[in-house]
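Structure at a glance
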Amino acid sequence: MNKLFLLLLLVSLWACNNEVDLHMEGDPVPIVYCLLDPAGETQYIRIGRTYRGDSMVMERPPVTDSLLWQAQMEVYMEEYQAGTLLKTYEFLPVTGAPKDSGFFPQDALSLWSGRMKPVPGNEYRLYVYSGNMDLMVTARTTAHGLPEIIDPMKLPGRKVNFEAGQPFTARWYPGNYTGVYEMIFRIHYQDSSGSGIRFRSADYSSGGIYDIRHDQVLDYSMGGPSFFKAMAGQIEPTDSLVRRVISVEFMMISGGLDLSFYYRSVNDAGTNFTNFLDFTNLINGTGIFASRSTIRITNLELSNVTIDEMAHGNIMSSRGFLDSRGQ
Amino acid sequence: MKVAIKYLWILILLIAGCNPDDPGNTGTGDTANPTHGLIVFDFQIPDIDLPANKLHRVDLSLARTADSLYRKQYISAANVSDLKQSYSFVLLPGRYFYQAGVDCTARGDSCYYAGFPGGYLSIWWTMGWVDVEAGKTFTKNIIFQ
C-alpha cells in the first residue's frame, strides 16, 4: 500500500509543470467589415483574418498570406422587418475591381458584393460561413435613417461664414438608429498660373461626433481659427499661383448605432470609458457590421468675410488667394 | 417687543433680498468686455401672406459705411438660419451699417404678389445703421417695410 502511495506521489510530482507557454499558436479570427449604405444599390463586405505581429508590425507589414482567410466561404445576408424574414441576398467575390490601398493594404484581401438597397429601420443579419473550417461568423444590425439637414441650406444669397466669433452651426433632424456623424466642408478653389488652371479642394472636418439622441434637432458649431488652420495645413504657400475660391461642398457622413459604439470604443480606448473597449457586434469574428451613408450639398457659397480673411489674414495670406473683390 | 424687532429684521432682510431688475431685459446693458460693445439683432421674418416655411433668412452683414455695404465690403456677417432669430456681434465702438435679406421660395406668383419684386427665389432687402458703445449692449429690431 505504501509503495502504491509512493508511486502515485511520484507520478503526480512528475506531472507538475509550472511553465506556461504564453505564445501558443491559435486559430486565426476572421475580420469582417461591412458598412451598409442606405443610399447605395450595391453593398460590400471585406473579409480578412487576424495575424500575429511584433512591436515592429508598422514597419514590417505582414505578408499577404497571413492576412487572407484561406477557406471556402459562403456569404449572404437576410433582411427582416418587425421580425419577419423578407429576403435573403447572396454576396459574391469581387475580382478585378480597383481597391483603395488604405482599406486594402494587400490587394488580395477578399472583397464581396451583393445587389441590395438597405431600408432604414429594417434589420439585417450577416452570415459568413466556412464549411471546411466549420466556422460561421454572424452579426446583425439595423439600417439607420438618413438625417435631414436643416443648415446649411442651399439658397440664393445665403453664404457660409467661418469668421472668428460667428461660428457656423450645422443643424439636422437625426434619422432613427443613427449615433455618429462627421461633417466636412470641402472648399473648391482654382489655381491659376502661366501654365494653365487646376481645380483643387481642401477639407475642413468636424471629426467624429457621437450623439445617439433622436428626439430633437441636433446641432454642431464649426469655424474660427480652426478653419483657417485646416486650410493652411492642406494648401501650400505660393508666390507664383493665383488662387480663387469657387464654391463650398457640405458632406455629412452618418453612421448607425453599431458604428457609433465601435467609433466610441476606438476613440475612448485608454480612458475611463472602457466598457466598449474592442467593441464588435460580430459573433465568431471581429470587425463591424453597421450602416453608414453620406449626404452632400454642393455649390454653397463662402462668405465675403471669410474669403477676405483667406486672402489677407495672418494664417492664410501666403497662400495666394484673391479676396472677394478679386484683389 | 423683542419679537417685534425680530420680525422687523426679517422684513428688512426680505426687502433687501428683492431684485427689481428684470434679468431677461434685452435692452441696454453692460457687457463683460469694456473695450467692445455688443449688438444683438432681432431678425424677425416679415409677417406677410405666405406660409412661414416659404420665407428664409439669407443674409445679415455689417459694414463700416453705407457705400462699403453697397460694395459688399463687409466686416462681419452672421450665419443666418430659419431656426434662429437672434444674432449678436461684438464690435469696437462706432457706427455700423447693416443689411438683412429674406428669400421667398413659394412657387407660382405667390412671392410676386406678396411683395417680392423678382418673384420666386428673389430677396427682400432692408438696411439701417446702429451705434455701438464700449461696454454696452444694444438690441436692434430688423424691420422689413
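Rules used throughout
- Residues numbered from 1 in each chain as written.
- Chains lettered and ligands numbered in written order.
- Predicted model: local features only at pLDDT ≥ 70, side-chain atom pairs only at ≥ 80, totals over all residues.
- Heavy atoms only, no water.
- Helix = DSSP H or I, 4+ residues; strand = E, 2+ residues; numbered from the N terminus.
- Buried < 20%, exposed > 50% of the residue type's maximum accessible area, 1.4 Å probe, protein only.
- Contact = heavy atoms within 4.5 Å.
- Areas by Shrake-Rupley, 256 points an atom, 1.4 Å probe, with all protein chains shown as cover.
- 1 Å grid on protein atoms, 1.4 Å probe; cavity = no way out; pocket = protein on both sides within 12 Å on 5 of 7 lines; lining within 4 Å.
- Points joined across faces, edges and corners; volume = space filled by probe spheres on them.
- Nonpolar A, V, L, I, M, F, W, Y, C, P; charged D, E, K, R; others polar.
- Pairing = 2+ DSSP bridges.
- Axes fitted to C-alpha atoms, helices over the stretch in contact; angles between N-to-C directions.

Within chain A one finds five helices and 16 strands. Taking all 327 residues of chain A together, 43% fall into the buried category. Within chain A, counting contacts between residues at least 6 apart in sequence, those at least 24 apart form 70% of the total. Element-wise, carbon and sulfur atoms account for 53% of the exposed surface of chain A, whose accessible area totals about 18,100 Å².

For the structure on display, the rule yields one cavity of 30 Å³ or more. In this structure, the largest cavity encloses a volume near 70 Å³. Contributing to the lining of the largest cavity are Asp151, Pro152, Met153, Arg158, Lys159, Val160, Phe168, Leu300 and Glu301 of chain A together with Asn79 and Val80 of chain B. Only strand 9 (159-160) and strand 16 (286-302) of chain A provide two or more residues apiece to the lining of the largest cavity. Class assignment for the residues of the lining of the largest cavity results in six nonpolar, one polar and four charged.

Turning our eyes to something else, we now look at the pairing of strand 6 (residues 123-130) of chain A. Side-chain direction in a regular strand flips from residue to residue, so the side chains alternate between the two faces of the sheet. Residue and element names in this part refer to chain A. Among the eight residues that make up strand 6, six are buried, leaving the element largely enclosed by the rest of the structure. In this sheet, strand 6 lies alongside strand 3 (residues 73-81) in antiparallel orientation, the contact comprising eight bridges. Directly across from tyrosine 80, in strand 6, lies its bridge partner glutamate 123. One ladder, built from eight bridges, connects strand 6 with strand 7 (residues 135-142); its direction is antiparallel. The residue bridging tyrosine 129 from the neighbouring strand is methionine 136, located in strand 7. In textbook terms, the turn of a hairpin is the stretch between consecutive antiparallel strands, and for strand 6 and strand 7 this stretch comprises four residues, one of which, aspartate 134, has a positive phi near 55°.

All names here are of chain A. Across the sheet, which stays open at both edges, the three strands sit in the order 8-10-13 with antiparallel pairing between neighbours. Bordering the open sheet on either side are strand 8 (148-151) and strand 13 (218-222), each of which pairs with just one other strand. The mean angle between the axes of side-by-side strands here comes to 25°, regardless of whether they run parallel or antiparallel. Pairing geometry for strand 10 (residues 168-173) and strand 13, over five bridges, is antiparallel.

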